[in-house]
Amino acid sequence: TKTPVRIAITGAAGQIGYALIFRIAAGEMLGKDQPVILQMLELPMEKAQAALKGVMMELDDCAFPTLVGMVGTDDPKVAFKEADYALLVGAKPRGPGMERKDLLMENAKIFIEQGKALNEVASRNVKVLVVGNPANTNAYIAMKSAPSLPKQNFTAMLRLDHNRAISQLATRTGKAVADIEKMIVWGNHSPTMYPDLRFASVAGQPALAAINDDAWYKNDYIPTVGKRGAAIIATRGASSAASAANAAIDHMRDWALGTNGKWVTMGIPSDGSYGIPQDIIYGVPVTCENGEYTRVEGLAIDDYSRSMMDKTLTELQEEQAGVASLLG
Ligand code: NAI
């Protein structure tokens, strides 16, 4: 039997946490043969800690064979202690009258503290996924606050956008999700993201040829994928939770267990390729093998793509400039 791995989850009593933790404990992220220890972080407030305790009672009641231990805490250094995986879901939501800039600053403080705690106590191989928004910039802040961990350990979640892009394409072409290959979503997890179909195929046929409608692609498909989060809120009356949790599991499972050559989108620190400045956490296509991701290199970038990629980059650079004073 395998040695148990430690999985830290922040915001564990939130709505994504509730859709995520039970699936991880059931073995859906790392496999039914991989024992897991869950290390769950919530805010110190009584209500949050009580809700977390309730989640832990329910975890007990599931009697998952793969769940061999759990900790609930309000201390990041306890939650991240020797963590092999860290899913940073908890973040401050935008309150009434709060500006985007205020949101950025409030979250920066959280991710500086959590980055420092990871730096101090996590496994040196910890795989970090930031889900809490603004996800790319929060991942950047955590990475910058953890100088003794390898930068490539810090990633942001673009997988929900990737999955949305696949699903919308499958619907349009009348083909199955499994028929779609080489999807890419470039950039920020925000409506400026760029779902790029130039390399995608549907049942072996180039996706753009299968669609054969450039106006639909640019004026309908791209904004539909980009604004899907808002559409879920408007329809469901609450933000994406089950689909976000599902994407987090897809991201971590693929990173840990590999993609067999399949392209997936991850937000990763830039190495300077594709004109994205070093260290910006940017959605790019990757393949995963042996616990590591590799950027898909050498894709041609045409003028339209360049302008779309620069637009989402500019937004990320503005976010980065907004928190620069806190990073010193
Ligand atoms: P939620 O508000 O239901 O849950 C968040 C939980 O985090 C709360 O229980 C809260 O007490 C906790 N929390 C807040 N600050 C914390 C801290 N410093 N340490 C530990 N716990 C803390 O929110 P929900 O729906 O679960 O969403 C969580 C985050 O995920 C939000 O920022 C949301 O915008 C983001 N999100 C990101 C997506 C992506 O694709 N990257 C998709 C959907 C949501």
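- Where an unreviewed UniProt entry is consulted, the protein appears under the name Malate dehydrogenase, with the organism given as Rugosibacter aromaticivorans.
- Per its UniProt entry, the protein bears the Function (unreviewed entry) comment "Catalyzes the reversible oxidation of malate to oxaloacetate."

**Section: the overall build of the protein**
Link 1 in the chain: A count of helices and strands for the protein gives 11 helices and 14 strands.
Link 2 in the chain: The C-alpha atoms of the protein give a radius of gyration of 19 Å, which matches the 20 Å a tight globule of 328 residues would have.
Link 3 in the chain: With respect to the three principal axes, the spread of C-alpha positions in the protein is 55 × 45 × 40 Å.
Link 4 in the chain: The buried share of the protein, reckoned over its 328 residues, is 53%.
Link 5 in the chain: For the protein, the exposed surface amounts to about 14,300 Å²; the carbon and sulfur share of it is 52%.

**Things to note about the site of the ligand**
Link 1 in the chain: The local shell around the ligand holds 23 residues, among which Gln15, Ile16, Glu42, Val131 and Asn133 are the closest.
Link 2 in the chain: A distance of 3.4 Å is found between a nitrogen atom of the ligand and a backbone nitrogen or oxygen belonging to glycine 11.
Link 3 in the chain: At 3.3 Å from a nitrogen atom of the ligand is found a main-chain nitrogen or oxygen belonging to valine 131.
Link 4 in the chain: For the ligand, whose unbound accessible area comes to 860 Å², protein coverage reaches 82%.
Link 5 in the chain: Given that more than half its atoms are within 2 Å of the pocket grid, the ligand belongs to the largest pocket.

**Let's talk about the nonpolar core**
Link 1 in the chain: Residues Ile7, Leu38, Leu59, Leu87 and Tyr221 are the most contacted members of the largest nonpolar core, which totals 78 residues.
Link 2 in the chain: With 8 residues, helix H10 (residues 242–257) is the largest single contributor of residues to this core.
Link 3 in the chain: Excluding residues within four positions of it along the chain, isoleucine 7 makes contact with Ile24, Met29, Leu30, Val36, Ile37, Leu38, Gln39, Tyr85 and Leu87.
Link 4 in the chain: Formed by 30 residues, the second largest nonpolar core is a distinct cluster that contains Ala79, Ala108, Phe111 and Tyr140.

**Comments concerning the UniProt feature "active site" (unreviewed entry) in the protein**
Link 1 in the chain: UniProt records the feature "active site" (unreviewed entry) for His189 in the present numbering.
Link 2 in the chain: Relative to the elements of secondary structure, histidine 189 occurs in the loop between strand E8 (184–186) and strand E9 (194–196).
Link 3 in the chain: The exposure class of histidine 189 is partly exposed, given its relative accessible area of 22%.

**Structural notes on helix H5 (residues 135–144)**
Link 1 in the chain: In terms of burial, H5 is largely enclosed, as 9 of its 10 residues are buried.
Link 2 in the chain: Here H5 has its buried residues at Ala135, Asn136, Thr137, Asn138, Ala139, Tyr140, Ile141, Ala142 and Met143.
Link 3 in the chain: Of the surrounding secondary structure, the elements contacted by the buried residues of H5 are helix H4 (100–121), strand E5 (127–130), strand E6 (154–156), strand E12 (264–269), strand E13 (281–289) and helix H11 (303–327).

**Looking at the pairing of E12**
Link 1 in the chain: For E12, the buried fraction is high: 6 of the 6 residues fall into the buried class.
Link 2 in the chain: Here E12 pairs with E13 via 6 bridges, running antiparallel. Bridge pairing links glycine 267 to glycine 283 in E13.

**Notes on the sheet that holds strand E7 (residues 180–181)**
Link 1 in the chain: The sheet built from 3 strands is open, its strands ordered E7-E10-E11 with antiparallel pairing. Only two strands of the sheet have a single partner each, and these edge strands are E7 and strand E11 (205–206).

Cut-off values and rules
Residues numbered from 1 in each chain as written. Predicted model: local features only at pLDDT ≥ 70, side-chain atom pairs only at ≥ 80, totals over all residues. Heavy atoms only, no water. UniProt positions renumbered as here; feature names shortened; annotations may be inferred. Helix = DSSP H or I, 4+ residues; strand = E, 2+ residues; numbered from the N terminus. Rg over C-alpha atoms; globule rule 2.2 N^0.38 Å. Buried < 20%, exposed > 50% of the residue type's maximum accessible area, 1.4 Å probe, protein only. Areas by Shrake-Rupley, 256 points an atom, 1.4 Å probe, with all protein chains shown as cover. Near = heavy atom within 4 Å. Polar contact = N/O pair within 3.5 Å; in protein donor to acceptor, adjacent residues only side chain to side chain. 1 Å grid on protein atoms, 1.4 Å probe; cavity = no way out; pocket = protein on both sides within 12 Å on 5 of 7 lines; lining within 4 Å. Sits in = over half its atoms within 2 Å of the grid points. Core = buried A, V, L, I, M, F, W, Y, C linked by side-chain atoms within 4.5 Å. Contact = heavy atoms within 4.5 Å. Pairing = 2+ DSSP bridges.

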